[in-house]
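Read off the chains here:
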Amino acid sequence: MADRLDARLYVRDLLAAGTEVALARSQAHYLAHVLRLASGAAIALFNGRDGEWLARIGSVAKNGATLTVETRLRDQRPEPDLWLVFAPVKRAPLDFLVQKATELGVSALVPAITRRTVVERVRRERMEANAIEAAEQCERLTVPQIRDAAPLSRIFDDWPDGRQILLCAETGAAEPIHDVLGRMGRAGPSAILTGPEGGFEQTELDALQKLPFVTSVGLGPRILRADTAALAALSCWQSALGDWQLRPPRRN
Ligand code: SAM
């Protein structure tokens, strides 16, 4: 059992026994001045490829810190391949949506501009910062990919073969998500698609429902806010087809 861990950080460096990791200024500031950690403190590091490793602070100062990687705490393991394609909503819910979708295990976040999307600009670097922070906190071993916002039609122009989409449609004859998931059997590459505050236009829904890899799903009798709908659908998918039969890592 590892020592008590004082912090957990995402880094882009290779992680192996004996390697040295030089932290970014912001991360060094967080360890030294927010957590007030000193040399010898135990930090869990992950990079999305090599599992999770125990590292110790060597030196820490205002503008930098170095860590020495010691032992592997957890092996990297396959994770569900679940994208969230969503019409972005105004700033605060977007921060919230990125954090919660990361906790719910999405492998990619794909902002889609639909006809009724009211958000002009989607700040990818802000989304990435929120995703990293949430990944560190929820102890996942990867950080979701963040894609640039693109028109819905362009996203489907080069859609990857074999990736099924569950289109959350509050109008029309969408089957309950529970029934659709029950029929899917196993979790291949998948995506959840939700609309903006104003919903999809009928022409958008008609075009989407013609695509062979799209299945409309209902999320019950109430009209959910866009971020609520996304998180509800992600939870249903993880529970039925994802990795919710696993447990969080044992810590001290
Ligand atoms: N048409 C809605 C209305 O009348 O207020 C506006 C759209 S709703 C706020 C935002 C998105 O959440 C929808 O485009 C849909 O993707 C999803 N959604 C909300 N409630 C849903 C439900 N009961 N079933 C399926 N999807 C739902």
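My aim in this report is to walk through the structure given alongside it, one point at a time. The structure displayed is predicted, hence computed values, not measured ones. Residue positions are given per chain, counting from 1 as you read along its sequence in written order. With the structure being a predicted model, the display of local features is reserved for residues of pLDDT at least 70 and the display and counting of side-chain atom pairs for 80 or more, all residues being used for whole-chain, interface and lining totals. In computing side-chain values, all of the structure's heavy atoms are included and hydrogens and water are not.

## As for the pattern of salt bridges
Definition used for salt bridges: Asp or Glu carboxyl oxygen within 4 Å of a side-chain nitrogen of Lys or Arg. The full count for this structure, using the stated rule, is 16 salt bridges. Arg 225 serves as the salt-bridge partner of Asp 227, at 3.6 Å between the closest nitrogen and oxygen. Only protein chains enter the calculation, and the probe is 1.4 Å; a residue is then buried if its accessible area is under 20% of its type maximum, exposed if over 50%, and partly exposed in between. Asp 227 sits in the buried class, given a relative accessible area of 8%.

## Re the site of the ligand
Close contacts around the ligand come from 19 residues, with Cys 168, Glu 170, Leu 219, Arg 222 and Leu 224 the closest. Think of a polar contact as two N or O atoms within 3.5 Å of one another; within protein, one of them needs to be a possible hydrogen donor and the other a possible acceptor, and neighboring residues in sequence only count if both atoms come from side chains. Backbone polar atom of Gly 195 to an oxygen atom of the ligand: 3.0 Å apart, as the coordinates give it. Contacts to the ligand include Gly 220, whose backbone N or O atom sits 3.0 Å from a nitrogen atom. Note on areas: these come from Shrake-Rupley sampling with a 1.4 Å probe, and a residue is covered only by the protein chains present in the view. For the ligand, whose unbound accessible area comes to 570 Å², protein coverage reaches 83%. Only β13 (214-218) and α7 (226-241) provide two or more residues apiece to the shell around the ligand. Nearness here has a simple test: a residue counts as near a molecule or strand if at least one of its heavy atoms is within 4 Å of that partner. Secondary structure elements follow DSSP: runs of H or I no shorter than four residues count as helices, runs of E no shorter than two count as strands, and numbering proceeds from the N terminus.

## Here we look at helix α2 (residues 91-103)
Expected span of a helix, by definition, is 1.5 Å for each gap between consecutive residues, and there is one gap fewer than residues. Taking 1.5 Å of rise per residue, 13 residues should cover 18 Å, and α2 covers 19 Å from first to last C-alpha, within 8% of that figure. The criterion used for residue contact is that any of the two residues' heavy atoms lie within 4.5 Å. On its buried face, α2 sits against β6 (82-86), β7 (108-113), α3 (124-138) and α7. Among the residues trailing α2, Gly 105 stands out with phi positive, at a value near 90 degrees.

## Quick notes on the packing of helix α5 (residues 177-184) against α7
Axes here refer to lines fitted to C-alpha atoms; in helices the fit is confined to the stretch in contact. Angles between the N-to-C directions go from 0 to 180 degrees. Interaxial distance between α5 and α7 falls to 10 Å at its minimum, and their mutual angle equals 35 degrees. Relative to α7, the crossing made by α5 is right-handed. Contacts between α5 and α7 involve Ile 177, Leu 181 and Met 184 from the first element and Ala 233, Cys 236, Trp 237, Ala 240 and Leu 241 from the second. Residue composition of the contact of α5 with α7, grouped by class: eight nonpolar, no polar and no charged. Handedness of a helix crossing follows the sense of rotation of the near helix relative to the far helix, less than a right angle counterclockwise being left-handed and clockwise being right-handed. Residues are sorted three ways: Asp, Glu, Lys and Arg are charged, Ala, Val, Leu, Ile, Met, Phe, Trp, Tyr, Cys and Pro are nonpolar, and all the rest, Gly among them, are polar.

## A short note on empty space enclosed by the protein
Grid spacing is 1 Å over the protein atoms alone, the probe is 1.4 Å, and a cavity is where that probe fits but cannot get out, while a pocket is an open set with protein on both sides within 12 Å along at least five of seven lines and lining residues have an atom within 4 Å of a point. Grid points are joined across faces, edges and corners, and a volume is the space filled by probe spheres set on the points. By the definition in use, this model includes one cavity of 30 Å³ or more. Size it by volume and the largest cavity reaches roughly 30 Å³. What lines the largest cavity is Phe 86, Ala 87, Val 89, Leu 97, Thr 194, Gly 195, Ala 226, Asp 227 and Ala 230. Looking at the lining of the largest cavity element by element, the count peaks at three residues for α7. The class makeup of the residues in the lining of the largest cavity is six nonpolar, two polar and one charged.

## Describing the packing of aromatic side chains
Note on ring pairs: Phe, Tyr and Trp rings are taken, using the six-membered ring of Trp, and paired if centres are within 6.5 Å. Classes follow the plane angle, with under 30 degrees stacked, over 60 edge-to-face and the rest tilted. Tallying each qualifying case throughout the model produces five aromatic pairs. Plain terms: the ring middles of Trp 83 and Trp 159 are 5.3 Å apart, the flat faces sit at 80 degrees to each other, and that makes the pair edge-to-face. Here the residue Trp 83 occupies a position in strand β6, and Trp 159 occupies one in the loop between α4 (152-157) and β10 (164-168), the gap between them amounting to 76 residues. Residue Trp 83 shares its accessibility class with Trp 159, and that shared class is buried. By relative accessible area, Trp 159 is classed as buried at 9%. Members of the aromatic cluster, connected to one another through ring pairs, are Trp 83, Phe 156, Trp 159 and Phe 213. The lysine or arginine in question, Arg 147, covers the ring of Trp 83, its NZ or CZ lying 4.6 Å from the ring centre. The rule for a charge over a ring is simple: NZ of Lys or CZ of Arg within 6 Å of the ring centre, and within 35 degrees of the ring normal.

Read these as spatial facts, not as claims about activity.
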